[in-house]
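The lines below spell out each chain.
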Amino acid sequence: MSTEEDNERIKLLQDFIKIQTPNGNEVEVSKYIGKLFDENGISYKIDEFGDKRANLVAEIGEKKVDDVLVLTGHQDTVTVPDAKAWHHDPFGAEIVGDKLYGRGAADMKSGLAAQVRTFIELVKEGYKVPGTLRFVVTAGEEFGTPGANRLNDQGISKDVNAMVVGEATDGNVIYATCGSFNYEIQSKGKSTHSSTPELGINALDGLNEYSNREKHIFDDAPVDEYLGKLVHSITLIKGGDQVNIIPEYGELYGNIRPTLAFDNQHVIDAIQKTVDDINATTDYDLTFKVIHSWHPVETAPEKHLVQVAKQAADKNYRDKDIQLKTYKGATDASVFTKGNPNIDVIVLGPDNASVVHQTDEFTTISSYLDTIKTYKDLVKGYFEK
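Now for a look at the structure at hand. Computed from a prediction, not measured in an experiment: that's the story for all the values here. (Residues numbered from 1 in each chain as written. Predicted model: local features only at pLDDT ≥ 70, side-chain atom pairs only at ≥ 80, totals over all residues. Heavy atoms only, no water.)

### Some thoughts on the sheet that holds strand E11 (residues 231-239)
Within a sheet, each strand pairs with its neighbour through backbone hydrogen bonds, oriented either parallel or antiparallel. The strand order across the open sheet formed by four strands is E11-E13-E9-E14, and the pairing between neighbours is antiparallel. Of all the strands in the sheet, the pair left with one neighbour each is E11 and strand E14 (285-294). Neighbour-to-neighbour, the strand axes of this sheet turn through a mean angle of 20°, independent of strand direction. Here E11 pairs with strand E13 (residues 249-257) via eight bridges, running antiparallel. Its bridge partner being in E13, His232 is matched across the sheet by Ile256. Sheet strands touched by helix H5 (residues 203-217): strand E9 (180-188), E11, E13 and E14. Its angle to E11, the strand with the most contacts, is close to 175°. Seen against the sheet, helix H6 (residues 264-281) touches E9, E13 and E14 and runs at an angle of roughly 170° to E14. (Pairing = 2+ DSSP bridges. Helix = DSSP H or I, 4+ residues; strand = E, 2+ residues; numbered from the N terminus. Axes fitted to C-alpha atoms, helices over the stretch in contact; angles between N-to-C directions. Contact = heavy atoms within 4.5 Å.)

Set out below in structure tokens:
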């Protein structure tokens, strides 16, 4: 690979980072990708929705076989709460040695850029995809997954056999990811002056009752073969208006990481049973509400996709001991598999998984370049069954 070609690859990533997409403005990235695809004769469609939100879908392939392999990534990033805390401009895409800094450098504009280059370079090299290689680019993965849900409603995943999510994994192959389940417990009480608490019902006491029981709701949940024990947390409590008034309303929020052994519906049933029991046996009045429900995704490590990905990563990543791993987080694949639960899914991308969402987020140029080569070999290996 010539220096000129590497420079083109690096420039693409820098340009992506310079396009500011904290929780929005994905249309600018989609248009940038579209221009590159126009130059290389790659068919695509941009679907704009909302305020500067957009998804993009592209395809190459001869469709001589039915296999559909998807490379997918998201265009948005989390916000930059305090730019002054950064030692590098969060949207400057500054390079220091092998590190390229910027918001989204790891999560996940490096993986996205590597996927764009994979499509372009396969076309330039004249590789004929026997089936279909699809590129699915989403908006809003970091907050609510509106893009993935929109695509899922459009049936994007119905014919898909396998999917590669380009989140940062340090080159490791992630074959199982938890779901992510966000919920709210509302507590209604009766307000009174704090000097006469016996005349009221403290809404916060209702939340405390739930919180105490929550510690043991999932004690009997089965351990998942790949993802292990169910992870659950109470993360936020709100309530009360004035220090000398017994609060009549409160809210509690929690997050759970479902597994296939104890999936989202099992989680719903367990929480609802607890809330119903509290309401039936106390004076408290609790209401359970689901906010987000992303599903776990697991692919057996012996599957063809996993093995091909491992071989490609072993071959191309420099000085890395590539591992097959699991991950407690969720990706857009949690949405796409609702439309087709039979998709084999892996997560595979460049450095650095430990700095996503953090100040001075970075990726390494070497891992980014290696990811492009890995994706190209993965695609070829997948279709050469």
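What follows continues from the structure just given.
### A short note on the nonpolar core
In terms of nonpolar packing, the biggest core is built from 58 residues, with Phe37, Leu69, Phe135 and Leu378 touching the most fellow members. Sequence-distant contacts of Phe135, defined by excluding residues within four places in its chain, comprise Ile33, Phe37, Leu56, Val57, Ala58, Leu71, Leu112, Gln115, Val116 and Phe119. (Core = buried A, V, L, I, M, F, W, Y, C linked by side-chain atoms within 4.5 Å. Buried < 20%, exposed > 50% of the residue type's maximum accessible area, 1.4 Å probe, protein only.)

### Points about the sheet that holds strand E18 (residues 362-364)
Taken together, the three strands give an open sheet; going across it, the order is E4-E5-E18, and neighbouring strands pair in antiparallel fashion. Two strands in the sheet have a free side with no partner beyond their single neighbour: strand E4 (95-96) and E18. Pairing analysis gives three bridges linking strand E5 (residues 99-101) to E18, with the strands arranged antiparallel. In the strand pairing of E18, Leu100 is matched with Thr363. Docked against the sheet, helix H1 (residues 3-18) engages E4, E5 and E18, running at close to 25° with respect to E5. Sheet strands in contact with helix H3 (residues 105-124) are E5 and E18, and its direction is about 45° off that of E18.

### Structural notes on the pattern of salt bridges
Counted under the stated rule, the structure contains 23 salt bridges. The salt bridge involving Arg134 is made with Asp159; its shortest N-O contact spans 2.9 Å. With Arg134 in strand E6 (residues 132-138) and Asp159 in the loop between helix H4 (146-153) and strand E7 (162-165), the pair connects residues that are 25 residues apart, well separated along the chain. Residue classification places Arg134 among the buried positions, given a relative accessible area of 7%. Take Asp159: its relative accessible area is 38%, and that puts it in the partly exposed class. (Salt bridge = Lys/Arg side-chain N within 4 Å of Asp/Glu carboxyl O.)

### Observations regarding the environment of Val70
Examined against the element boundaries, Val70 turns out to sit in strand E3 (residues 68-74). The class of Val70 is buried, set by a relative accessible area of 1%. Considering only alpha carbons, one finds Val70 and Ala261, 191 residues apart in sequence, at a separation of 26 Å. If near-sequence neighbours (up to four positions away) are discounted, Val70 is found in contact with Arg134, Val136, Val160, Ala162, Met163 and Val164.

### What to know about H4
The α-helix advances 3.6 residues per turn, and as a result positions three or four apart in sequence lie on the same side. Of all the residues in H4, the buried ones are Gly147, Ala148, Leu151 and Asn152. Projection of H4 onto a plane perpendicular to its axis shows the buried side chains occupying an angular sector of 135°, all on one side. Residues of H4 that are buried in the fold lie against strand E1 (43-49), strand E2 (53-60), E6 and helix H8 (333-339). (Arc of directions from axis to C-beta.)

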